[in-house]
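What follows is the residue order along each chain.
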Amino acid sequence: MTTKSNSNDLGGKASSSPLLSSPTRQRLVTKDGHCALSPPPPPPGFWPWASVRAWLLTLQDLWGAVVGLRWRWVLLAFCASFLAHWLLFACLWYLLAHLNGDLAVQDHDAPPVGHVVCVKHITSFTAAFSFSLETQLTIGYGTMFPSGDCPSAIALLAVQMLLGLMLEAFITGAFVAKIARPQKRAGAIQFSPQAVVGQHQGQTCLMLRATNLLQRPLVDVKVSAVLYEEREGQALHQTSLDFQLDHLGQRPCPFFIFPLTFYHPLDRHSPLYPALCEGSSNHFELVVFLSASQEGTGDTCQKRTSYLRQEIQFDRRFVPAMGLDARGRYKVSAQHFDTAHSKEPLDKDCVVQINGDGSDRME
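Treat the numbers as computed from the prediction; the structure is a model and nothing was measured.

Rules used in this analysis
Residues numbered from 1 in each chain as written. Predicted model: local features only at pLDDT ≥ 70, side-chain atom pairs only at ≥ 80, totals over all residues. Heavy atoms only, no water. Helix = DSSP H or I, 4+ residues; strand = E, 2+ residues; numbered from the N terminus. Buried < 20%, exposed > 50% of the residue type's maximum accessible area, 1.4 Å probe, protein only. Salt bridge = Lys/Arg side-chain N within 4 Å of Asp/Glu carboxyl O. Axes fitted to C-alpha atoms, helices over the stretch in contact; angles between N-to-C directions. Parallel < 35°, antiparallel > 145°, perpendicular 65-115°, else oblique. Left-handed = near helix turned anticlockwise from the far one by under 90°. Contact = heavy atoms within 4.5 Å. Nonpolar A, V, L, I, M, F, W, Y, C, P; charged D, E, K, R; others polar. Phe/Tyr/Trp six-rings, centres within 6.5 Å; stacked < 30°, edge-to-face > 60°. Lys NZ or Arg CZ within 6 Å of the ring centre and 35° of its normal. Pairing = 2+ DSSP bridges. Polar contact = N/O pair within 3.5 Å; in protein donor to acceptor, adjacent residues only side chain to side chain. Core = buried A, V, L, I, M, F, W, Y, C linked by side-chain atoms within 4.5 Å.

Peer 1: Quick question: what am I supposed to make of the overall build of the protein here?
Peer 2: Within the protein, the regular secondary structure consists of seven helices and 15 strands. Within the span of the protein, comprising 363 residues, buried residues form 40% of the whole.

Structure (structure tokens):
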């Protein structure tokens, strides 16, 4: 099965690209931008050591690991860390009461002569856990309190407060960092599921479209790509590609609020020319990166996707993305990712021609 496209820029030469001749390969990057590669398996006999090494590497980047977790695991880690902290110091307070002999004292308000009760009314592990909880949360009900004449209790109290403040700072910072991550803003950016090859301003181009689903605009938008092409020996060769937007050239788009169509000229200098225009059978994957800045915070976000050979349509164009309602207001078409044959007439329901819709006129 082949897909053919005629190009005036290529001297009228018909080009074909086999879509099903090569075996199916796993993607490097999924359509939603996640890496699809799996880590290599450990050598035989080294599985326990490889597992320990992986855990050590995770602990070295503990902050990144916590921020990258899903919310359900972050909430579980939040609850588990505080419970573990309270239980640990409950055991230490109970051990202090046991070593000091406070558990054998019947009345902590009237202890034996010469005996100093380190913490009043810790008579069981439940009471020790309650005191640990009250200390960490600074509740202070007033029933249990450490004695100033017991240095061990004062030292343990200081250690618990210091470690508790560090834990609270870490968890609070992780929550704030996770909420403010710019990757969440990138989730409102969508790429067209198909790329198209067609004519744009008299030149054969590879075209793809991106849209911003939120009404909050993005600024300084730029699209680039990396072509991963399989060469001899199944080695992946990487080549960078540039995409441009209308007459902006390589400059970033200053405003991203409606669907934009980005172009890559398929001339003889393009790395995609052999695969798309000369019928090369080498397997390739085009990974596209869209970088933009948030208008309010200035944080940079990035959205990724990839296109395989069978996800590129030839001799096609994107349908118009913008239209006018009855009040003369611009609106985004619900079919802004649809494609049509290059020779088909434009949809009469979408009369506004903006950025890659085949014309620069407005009817």
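Peer 1: For this particular structure, what's the right way to read the pattern of salt bridges?
Peer 2: If charged atoms from side chains of opposite charge come close, those side chains can pair. Per the counting criterion, the structure on display carries two salt bridges. A salt bridge links K31 to E311; its shortest N-O distance comes to 3.4 Å. Residue K31 is located in the loop between β2 (14–18) and α1 (47–60), and its partner E311 is located in the loop between β10 (300–308) and β11 (312–314); the two are separated by 280 residues in the primary sequence. Judged by its relative accessible area of 13%, E311 falls in the buried class. Linked through salt bridges whose partners overlap, the residues forming this network are R27, K31 and E311.

Peer 1: Before we go on, may I ask you to explain the packing of helix α4 (residues 125–137) against helix α5 (residues 151–179) in this structure?
Peer 2: Packed helices, taken two at a time, are described by the angle between their axes plus the distance between the axes. Here α4 crosses α5 at 60°, and the two axes come no closer than 9 Å. Of the possible angle classes, the one that applies to α4 and α5 is oblique. Handedness of the α4/α5 crossing: right-handed. Across the interface between the two elements, S132, T135 and Q136 from α4 touch L157, Q160, M161, G164, L165 and E168 from α5. Each residue belonging to the contact of α4 with α5 can be placed in one class, and the counts come to three nonpolar, five polar and one charged.

Peer 1: Sorry if this is basic, but what is going on with the environment of F125 here?
Peer 2: Relative to the helices and strands, F125 resides in helix α4. By relative accessible area, F125 is classed as partly exposed at 34%. When the C-alpha atoms of F125 and C91 are compared, they prove to be 7.4 Å apart, with 34 residues separating the residues in sequence. The contacts of F125, once residues within four sequence positions are left out, are L87, A90, C91 and Y94.

Peer 1: Just to check I follow, could you spell out the packing of aromatic side chains for this structure?
Peer 2: The geometry of an aromatic ring pair is captured by two quantities: the separation of the ring centres and the angle between the planes. Tallied over the full model, the rule gives six aromatic pairs. With a centroid separation of 5.6 Å and 70° between ring planes, the pair formed by F78 and F175 is classed as edge-to-face. Within this pair, whereas F78 is found in helix α3 (residues 71–100), its partner F175 is found in helix α5, the two being separated by 97 residues in sequence. We classify F78 as partly exposed; its relative accessible area is 32%. Its end group placed over the ring of W71, K178 keeps NZ or CZ at 5.5 Å from the ring centre.

Peer 1: Before we go on, may I ask you to explain the side chain of H85 in this structure?
Peer 2: As for its position among the elements, H85 is in helix α3. The exposure class of H85 is buried, given its relative accessible area of 9%. Apart from the residues lying within four places of it in its own chain, the contact partners of H85 are S132, Q136, Q160, L163, G164 and L167.

Peer 1: What's the story with the pairing of strand β5 (residues 203–212) in this structure? I'm lost.
Peer 2: Along any regular strand the residues' side chains alternate between the sheet's two faces. Counted residue by residue, β5 has nine buried out of 10 residues, so it is predominantly covered. Relative to β5, strand β3 (residues 189–191) runs antiparallel, the two sharing three bridges. Considered in β5, the bridge of I189 is made with N212. Strand direction decides the pairing type here: strand β4 (residues 195–200) and β5, joined by five bridges, are antiparallel. Note on β5: the bridge partner recorded for G198 is C205. As defined by bridge partners, β5 adjoins strand β8 (residues 260–265) across six bridges and the pair is classed as antiparallel. Each residue of the ladder has a partner; that of L208, found in β8, is F262.

Peer 1: Honestly, the side chain of T204 in this entry has me stumped. Any pointers?
Peer 2: Structurally, T204 is set in strand β5. By relative accessible area, which is 3% here, T204 ends up buried. A distance of 2.8 Å separates polar atoms of two side chains, one belonging to T204 and the other to Q199.

Peer 1: I'm lost on unusual backbone geometry in this one. Help?
Peer 2: A negative phi angle is the norm for most residues apart from glycine, just as the trans form is the norm for most peptide bonds. A positive phi angle is found at H121, which is not glycine, with a value near 70°. With a relative accessible area of 28%, H121 lands in the partly exposed category. Unusually for a residue other than glycine, D315 sits at a positive phi of about 55°. Along the polypeptide, D315 turns up in the loop between β11 and β12 (316–318). A relative accessible area of 24% places D315 in the partly exposed class.

Peer 1: How do you make sense of the packing of α3 against α5 when you look at a structure like this?
Peer 2: At a minimum axis distance of 11 Å, the contact between α3 and α5 shows a crossing angle of 180°. Considering the angle they form, α3 stands roughly antiparallel to α5. Its residues assigned to classes, the contact of α3 with α5 shows 18 nonpolar, five polar and two charged.

Peer 1: Can you help me understand the nonpolar core in this one?
Peer 2: Among soluble globular proteins, nonpolar side chains are generally buried collectively. Core analysis: the largest hydrophobic core is formed by 35 residues, its most contacted members being L206, F262, L272, L276, L286 and L290. With residues up to four places along the chain from it excluded, the contact list for L290 reads I189, F191, A210, V221, K222, V223, F256, F262, C301, Q302 and K303. Of all hydrophobic cores here, the second largest spans 14 residues; its members include F89, L96, A127 and M144.

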